[in-house]
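Report on the structure
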Amino acid sequence: MAGALVGYGLVANLLGREEGDEVTKWAVQVVSERVRAYCHWRIGRALDEDGNPIFETVVLNGTQGLALHTGLRPLWAVENLVLDGAPLSTAEFRYTKDGRLWRSSGWRDSFSAVELRADYGFESTPSDIAAVVQSAALRLSLNASAKRSHSTTSTSSTEGGNTASTESTTYALTDAEGFSLPERGILDRYRRKTWP
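Parameters and conventions
- Residues numbered from 1 in each chain as written.
- Predicted model: local features only at pLDDT ≥ 70, side-chain atom pairs only at ≥ 80, totals over all residues.
- Heavy atoms only, no water.
- Pairing = 2+ DSSP bridges.
- Helix = DSSP H or I, 4+ residues; strand = E, 2+ residues; numbered from the N terminus.
- Axes fitted to C-alpha atoms, helices over the stretch in contact; angles between N-to-C directions.
- Parallel < 35°, antiparallel > 145°, perpendicular 65-115°, else oblique.
- Left-handed = near helix turned anticlockwise from the far one by under 90°.
- Contact = heavy atoms within 4.5 Å.
- Nonpolar A, V, L, I, M, F, W, Y, C, P; charged D, E, K, R; others polar.
- Phe/Tyr/Trp six-rings, centres within 6.5 Å; stacked < 30°, edge-to-face > 60°.
- Buried < 20%, exposed > 50% of the residue type's maximum accessible area, 1.4 Å probe, protein only.
- Salt bridge = Lys/Arg side-chain N within 4 Å of Asp/Glu carboxyl O.

The next thing to look at is the sheet that holds strand E1 (residues 56–61). Here we have 4 strands laid out as an open sheet, ordered E1-E7-E3-E4, and antiparallel in their pairing. In this open sheet, the two edge strands, each paired with only one partner strand, are E1 and strand E4 (86–87). Note that E1 and strand E7 (residues 113–120) share 6 bridges and pair antiparallel. Among the inter-strand pairings, Glu 56 is bridged to a residue of E7, identified as Ala 118.

Quick look at the structure:
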């Protein structure tokens with residue numbers, strides 16, 4: 001399991017809990033993994049203990065156009081690129097920080113396998129993703145069993161007759177991953193749409 005996309009402190013403070021609270025840590029960690037799964041990439045940049053980038057191999061489908069959108073941003077470096085099993089020299093392609101690969105002779109077609117070994121990801125979590133993680137983690141911490149709604153009715157007798165009291169709580173409508181519609185709108189801006 002990769003690290004949390006945000007610190008635990010703010011979520012714990014909003015809940016009135018200690019920063020080391022295990023439920024808060026668990027909720028932030030779970031939501032961070034759900035964000036990565038929903039977006040289909042790790043979001044943050046992978047670095048070793050010395051701060052050097054860790055290159056990761058990613059396989060994409062080609063395209064008939066000259067530009068291939070990887071969905072990996074920012075794209076810091078491409079160490080190796082293979083098109084249909086044939087390695088390409090660095091003179092045969094270019095890449096941009098916004099995650100596009102460019103090749104003057106194109107990427108063959110959508111059945112072509114493009115394998116790249118790259119360093120990518122944000123140095124720190126973008127603020128809108130951090131807000132989604134914090135919001136969903138708050139909701140999960142308060143509703144760890146993921147109930148959609150809760151209602152109880154109790155009746156008590158008094159000398160004058162029966163009185164009834166009702167308590168009802170409704171939770172935010174969310175999808176299977178636990179994200180609300182506005183949260184999904186934010187995450188969709190970061191979601192990779194190019195993978196085999």
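There is more to say after this.
If you trace the 3 strands from one edge of the open sheet to the other, you get E2-E6-E5, paired in antiparallel fashion. A single partner strand is all that each edge strand has here, and the edge strands are strand E2 (67–69) and strand E5 (94–95).

To continue, consider the packing of helix H2 (residues 22–39) against helix H4 (residues 181–188). Two quantities define a packed helix pair, namely the angle between the axes and the distance from one axis to the other. For the pair H2 and H4, interaxial distance at closest approach is 10 Å and the crossing angle is 60 degrees. It follows from the interaxial angle that H2 and H4 lie oblique. Here the hand of the crossing between H2 and H4 comes out right-handed. Together, Val 35, Tyr 38 and Cys 39 of H2 and Arg 184, Leu 187 and Asp 188 of H4 make up the contact between the two elements. A class-by-class count of the residues in the contact of H2 with H4 yields 4 nonpolar, no polar and 2 charged.

Both strand E3 (residues 75–83) and E7 contribute to a ladder of 7 bridges, which runs antiparallel. Paired with Leu 75 across the strands is Tyr 120, a residue of E7. Joining the antiparallel neighbours E3 and E4 is a turn of 2 residues, in which Asp 84 adopts a positive phi near 50 degrees.

Our focus in this paragraph is the packing of aromatic side chains. If you walk through the whole model with that rule in mind, you get 4 aromatic pairs. Here Trp 41 and Tyr 120 contribute two aromatic rings whose centre-to-centre distance is 6.0 Å and whose plane-to-plane angle is 45 degrees, an arrangement assigned as tilted. Within this pair, whereas Trp 41 is found in the loop between H2 and E1, its partner Tyr 120 is found in strand E7, the two being separated by 79 residues in sequence. The two residues Trp 41 and Tyr 120 agree in class, both being buried. Consider the rings of Trp 41 and Phe 122, whose centres lie 5.9 Å apart with planes at 45 degrees: the pair is tilted. With Trp 41 in the loop between H2 and E1 and Phe 122 in the loop between E7 and helix H3 (127–142), this residue pair connects regions lying 81 residues apart in the sequence.

Let us look at unusual backbone geometry. For the bond running from Arg 73 to Pro 74, omega is -15 degrees, close enough to zero to count as cis. Its place among the elements puts Pro 74 in the loop between E2 and E3. Here the phi dihedral of Asp 84 falls at roughly 50 degrees; this positive angle occurs in a residue that is not glycine. Here Asp 84 lies in the loop between E3 and E4. Residue Asp 84 is classed as partly exposed on the basis of its relative accessible area of 38%. With a phi close to 60 degrees, Arg 108 is a non-glycine residue in the positive phi region. One can find Arg 108 in the loop between strand E6 (100–102) and E7. Among the residues examined, Arg 108 registers a relative accessible area of 47% and is labelled partly exposed.

Turning to the pattern of salt bridges, a few remarks are in order. One pass over the full model with this rule turns up 11 salt bridges. The shortest N-O distance in the salt bridge between Asp 119 and Arg 45 comes to 2.5 Å. With Asp 119 in strand E7 and Arg 45 in the loop between H2 and E1, this pair connects stretches of sequence that are 74 residues apart. Judged by its relative accessible area of 2%, Asp 119 is buried. We note a salt bridge from Arg 117 to Glu 79, for which the minimum N-O separation is 2.9 Å. Of this pair, Arg 117 sits in strand E7 while Glu 79 sits in strand E3, placing them 38 residues apart in sequence. Beyond isolated ion pairs, a larger network of salt bridges with shared partners links Arg 45, Asp 119 and Glu 123.

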